[in-house]
Amino acid sequence: MSRPPIERAVGSVPRVTLFKPAGVPGRELEQLSLAVDELEAIRLVDLEGLSHEQAAAAMGVSRQTVGRVLEGGRAKVAEALVDGKAILIGGGQYRIEPRPLCCASCGEVWTGDPEPTSHTCPACGSAEVRTCWGGPGRCGKRRGGGQGRGRRAGEGPGCQGSRR
């Protein structure tokens, strides 16, 4: 008997669940299914700029699993873009786990929906809210211009004004 798949942690379910090419009626389009965990892997790596290792920690799975999920999701998105297919987002092995957020202005950290555009800091009211990937002091900064192969190579400096 095979082992059941491990649920991947996602910050939230997407608000928009269907994308289609403009000017083509939906009934005439072939639909590709993009799982919620595939979208989360794409968001973490391609949009947030996390490494596979950091994305794996955020999703609660191995680095290899993130690589597989990401590869599958990217292939589906590419096929839809190139061949003019609709993308239907839903399903997959996932659980909703809110992400820590932090304020770039004052360093306040709290838990909530990872969409930073919908938040203001509860402490200072600033709109400079980011996903806090590295705990207090990291403040959602994307990987920066670090060089080399060290443990923290490529990571940005984090939030300068944070409290610990």
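Scroll up a little and you will see the structure.
Note that the coordinates shown come from a computational prediction; the quantities given were computed from them, not determined experimentally. (Residues numbered from 1 in each chain as written. Predicted model: local features only at pLDDT ≥ 70, side-chain atom pairs only at ≥ 80, totals over all residues. Heavy atoms only, no water.)

Caption draft 1: Summary view of the nonpolar core. Within the largest apolar cluster, 13 residues are counted, with the highest numbers of intra-cluster contacts made by Ala41, Leu44, Ala55, Met59, Val66 and Leu70. Put simply, the parts of the chain that give this core at least two residues each are α1 (36–47), α2 (52–59) and α3 (63–83). In this view, methionine 59 contacts Glu7, Arg8, Ala9, Asp37, Glu40, Ala41, Leu44, Val66 and Arg95; residues no more than four positions away in its chain are not counted. Judged by nonpolar contacts, the second largest core, of seven residues, contains Val10, Leu32, Val36 and Ala80. (Core = buried A, V, L, I, M, F, W, Y, C linked by side-chain atoms within 4.5 Å. Buried < 20%, exposed > 50% of the residue type's maximum accessible area, 1.4 Å probe, protein only. Helix = DSSP H or I, 4+ residues; strand = E, 2+ residues; numbered from the N terminus. Contact = heavy atoms within 4.5 Å.)

Caption draft 2: Molecular detail of the pairing of strand β6 (residues 99–103). Counting buried positions along β6 yields four of five residues, so the element is predominantly enclosed. Where β6 lies against strand β7 (residues 109–112), four bridges are found, and the strand directions are antiparallel. Looking across to β7, one finds that arginine 99 is bridged to glycine 112. Adjacent in sequence and paired antiparallel, β6 and β7 are bridged by five residues, among which glycine 107 carries a positive phi angle near 90°. Bridge count between β6 and strand β8 (residues 129–131): three bridges; the pairing is antiparallel. For cysteine 103, the partnering residue across the bridge sits in β8 and is valine 129. (Pairing = 2+ DSSP bridges.)

Caption draft 3: Representation of the packing of α1 against α2 within the structure. Between α1 and α2, the least distance of the axes is 9 Å, while the angle of their chain directions is 135°. Considering their axes alone, α1 and α2 lie oblique with respect to each other. Judged by the twist between their axes, the crossing of α1 over α2 is right-handed. The residues of α2 that touch α1, namely those facing Asp37, Glu40, Ala41, Leu44 and Val45, are His52, Ala55, Ala58 and Met59. Among the residues making up the contact of α1 with α2, the classes are represented as six nonpolar, one polar and two charged. (Axes fitted to C-alpha atoms, helices over the stretch in contact; angles between N-to-C directions. Parallel < 35°, antiparallel > 145°, perpendicular 65-115°, else oblique. Left-handed = near helix turned anticlockwise from the far one by under 90°. Nonpolar A, V, L, I, M, F, W, Y, C, P; charged D, E, K, R; others polar.)

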